Amino acid sequence: HDDIHLPRGSPDARPRMAKGSAEYTTTWLDQHTPWGVVAATLRITDTAEDVLYDAIADAAAAHPVAVEAWRMMFEWNVRRAVSAAFFTDALPPRVRVSVSLAAVGSKSYTMRFDVSAADTGRPVAWVDVVSVSVDAATQTRALPVPHRDILASYARRTGGTLGPVSRPPGSPRGAFETTVRRTDCDRNGHVNNSLYPLLAMEALPSPTPAVGRMEVVYTAPLRPGQMLAVDCVTCEEDGADTFWCEITTHGTPAARVWLRPLAAKYRAGPRRSRM
């Protein structure tokens, strides 16, 4: 079916953008800690991927080839990069996530997640996730996106920008070393993508600042029992400290994380304690 094209002039020549939305409940820990905000937001985007899967299946119902291609992409995929912006240091109890297909490349695709307060609509964060389809045997070898042209017609063509993920000048500060636990891993047997930013935040100065911008590039999976090291470089950008962290295992980079603190205007201020 590689030669299938959408006929000009027909209603299907202008497919509607595939998008969907859902609401989720956050926990007290998610709402009131800097790492909770980041972890919960990434965890929610993981869950909301299924919403997009259903949305594309619905939008492309007239083209079974597109639905099958999307199913193939979802069967085995890994995240390659995450770009996110946060507009609060305290999540509301209920959030609404709108998700859409942002772009489709030759071997990757980008999903866009817009997170807002369910009751007021106030923006909480946006997240762009770049994923690649991989073969089931290695879970690392990237495969071409099947029927890319058809799938791209359902994308909104936005997002997908990455920040300064290369190491800035300066000597890295060896923050800490640890061992990957089985409880750090997901059903695919490697560390879940949402935990990498938390490892980087562990290397930041105390008290841990709330995150305003974040870029993560995943380069290799981490599996139970592996030793990992986290190094951190602090640099200044626009008058604020910015943190670049590298997570390695036996000298091999597993991820690079760039973090910038939340702007003062978005901070909620002191919170009540809970005993």
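Scroll up a little and you will see the structure.
Treat the numbers as computed from the prediction; the structure is a model and nothing was measured.

*Asks:* Even after reading the chapter, I still don't get the overall build of the chain, so can you show me in this structure?
*Replies:* Within the chain, the secondary structure is distributed over five helices and ten strands. Among the 275 residues that make up the chain, the fraction classed as buried is 48%. Approximately 13600 Å² of the chain is accessible, and the part contributed by carbon and sulfur atoms is 52%.

*Asks:* How should I be thinking about the pattern of salt bridges in this particular structure?
*Replies:* Here the idea is simple: oppositely charged side chains can pair when their charged atoms come close. For the structure on display, the rule yields eight salt bridges. Here Glu23 makes a salt bridge to Arg96, at a shortest N to O gap of 3.3 Å. Taken together, the positions of Glu23 in strand β1 (residues 19–25) and Arg96 in strand β3 (residues 94–104) put the pair 73 residues apart, joining distant regions of the chain. A relative accessible area of 35% places Glu23 in the partly exposed class. The partly exposed category is assigned to Arg96, whose relative accessible area is 32%. Of the charged contacts in the structure, one is a salt bridge between Asp184 and Arg181, with a shortest N-O distance of 2.8 Å. Residue Asp184 is classed as buried on the basis of its relative accessible area, which comes to 14%. Of the residues examined, Arg181 reaches a relative accessible area of 53% and is grouped as exposed. Sharing partners across several salt bridges, the network here consists of Glu23, Arg94 and Arg96.

*Asks:* It is not clear to me how the nonpolar core should be interpreted in this structure. Could you clarify?
*Replies:* The nonpolar side chains of soluble globular proteins are, as a tendency, buried together. Core analysis: the biggest nonpolar cluster contains 62 residues, and Met214 and Ile247 have the highest contact counts within it. Among the elements that take part in this core, helix α2 (residues 34–59) stands out by supplying nine residues, more than any other. When residues no more than four places from it in sequence are discounted, the contact partners of Ile247 are Tyr196, Leu199, Leu222, Leu228, Ala229, Val230, Thr252, Pro253, Ala254, Ala255 and Val257.

*Asks:* Looking at this structure, how should I read the side chain of Asp184?
*Replies:* Take Asp184: it is sitting in the loop between β6 (173–179) and α5 (195–202). Engagement of the side chain of Asp184 in a polar contact is seen with the side chain of Arg181, the distance being 2.8 Å. Among all residues touching Asp184, those that are not within four sequence positions of it are Thr179, His190, Val191, Asn192 and Leu195.

*Asks:* Would you mind going over unusual backbone geometry with me for this structure?
*Replies:* Most of the time, phi is negative for any residue but glycine, and the peptide bond is trans. Here Ser206 and Pro207 are connected by a cis peptide whose omega angle stands at 0°. With respect to the helices and strands, the residue Pro207 is situated in the loop between α5 and β7 (211–218). For His250, which is not a glycine, the phi torsion comes out positive at approximately 55°. Within the secondary structure, His250 is located in the loop between β9 (240–249) and β10 (252–261). Of the residues examined, His250 reaches a relative accessible area of 71% and is grouped as exposed.

Reading the values: the criteria
- Residues numbered from 1 in each chain as written.
- Predicted model: local features only at pLDDT ≥ 70, side-chain atom pairs only at ≥ 80, totals over all residues.
- Heavy atoms only, no water.
- Helix = DSSP H or I, 4+ residues; strand = E, 2+ residues; numbered from the N terminus.
- Buried < 20%, exposed > 50% of the residue type's maximum accessible area, 1.4 Å probe, protein only.
- Areas by Shrake-Rupley, 256 points an atom, 1.4 Å probe, with all protein chains shown as cover.
- Salt bridge = Lys/Arg side-chain N within 4 Å of Asp/Glu carboxyl O.
- Core = buried A, V, L, I, M, F, W, Y, C linked by side-chain atoms within 4.5 Å.
- Contact = heavy atoms within 4.5 Å.
- Polar contact = N/O pair within 3.5 Å; in protein donor to acceptor, adjacent residues only side chain to side chain.

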